[in-house]
Amino acid sequence: LGRGSDPVKDQSYFLSSVRKSDLEKVLFPLGTLHKGQTREISTWLGLPNWKSSRGMCFIGKRPMLSFLSQYLVPTPGSVLYYDDGHVLFAHHGEFHFHTVGQRIRLAGPGVHERTFVV
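The structure contained in this document is the topic of the report that follows. Fair warning: this is a prediction, and the values are worked out from it, not measured in the lab.

**Here's the deal with the overall build of the chain**
- Within the chain, the regular secondary structure consists of four helices and four strands.
- Listing every helix and strand of the chain by position from the N terminus yields α-α-α-α-β-β-β-β.

Written as structure tokens, this is what we have:
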């Protein structure tokens, strides 16, 4: 399993928890394309181009946090300042349910800017 070519829409964070035996026969035909390219192809083929969502389409109308908490165990860690890596504060695992690139509302000592998961 590798990262997708489009860093904005990479799904490897989710797929990394899937057993290798379950992935052996799976094909990812769009893995080398960026989202814009995929939309161009779907338009050319006459397929619908849906608005981007922030959720996971395959979980249906369930709240994402409750879905993820069934499969992921929170892992405590540290919140770091990106520029120099110094620790702002420790967390108890609540950030385990966020994805890379996701903007999060964060309040804590030393947090004064927009905050993203890296």
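**Some details on the side chain of His91**
- When you line up the elements, His91 lands in strand β2 (residues 87-91).
- Apart from the residues within four sequence positions on either side, His91 is in contact with Thr75, Pro76, Gly77, Ser78 and Val79.

**With respect to the environment of His91**
- Classification of His91 as buried rests on a relative accessible area of 9%.
- Separated by twelve residues in sequence, His91 and Val79 place their C-alpha atoms 6.9 Å apart.

**Points about the pairing of β2**
- Pairing geometry for strand β1 (residues 77-80) and β2, over four bridges, is antiparallel. Paired with Leu80 across the bridge in β2 is Val87.
- The hairpin formed by β1 and β2 contains six residues between the paired strands, and Gly85 there has a positive phi angle of roughly 80 degrees.

**With respect to the packing of aromatic side chains**
- With the rule as written, the count across this model stands at one aromatic pair.
- Taking the centre distance of 5.1 Å and the plane angle of 50 degrees together, the rings of Phe67 and Tyr71 count as tilted.

**Digging into a nonpolar patch on the surface**
- Judged by side-chain polarity, Ile41, Trp44, Leu45 and Leu47 come together as a nonpolar surface patch covering roughly 480 Å² of accessible area.
- Structurally, the position occupied by Ile41 is in helix α3 (residues 35-44).
- Overall, Ile41 belongs to the partly exposed group, its relative accessible area being 39%.

**Points about the environment of Val87**
- When you line up the elements, Val87 lands in strand β2.
- Sequence separation between Val87 and Gly77 is ten residues; the distance between their C-alpha atoms is 10.0 Å.
- Setting aside anything within four residues of it in sequence, one finds Val87 in contact with Ser78, Val79 and Leu80.

Conventions and cut-offs
- Residues numbered from 1 in each chain as written.
- Predicted model: local features only at pLDDT ≥ 70, side-chain atom pairs only at ≥ 80, totals over all residues.
- Heavy atoms only, no water.
- Helix = DSSP H or I, 4+ residues; strand = E, 2+ residues; numbered from the N terminus.
- Contact = heavy atoms within 4.5 Å.
- Buried < 20%, exposed > 50% of the residue type's maximum accessible area, 1.4 Å probe, protein only.
- Pairing = 2+ DSSP bridges.
- Phe/Tyr/Trp six-rings, centres within 6.5 Å; stacked < 30°, edge-to-face > 60°.
- Patch = residues over 30% accessible without salt bridge, like charges linked within 9 Å, V, L, I, M, F, W, Y side chains within 5 Å.
- Areas by Shrake-Rupley, 256 points an atom, 1.4 Å probe, with all protein chains shown as cover.
- Salt bridge = Lys/Arg side-chain N within 4 Å of Asp/Glu carboxyl O.

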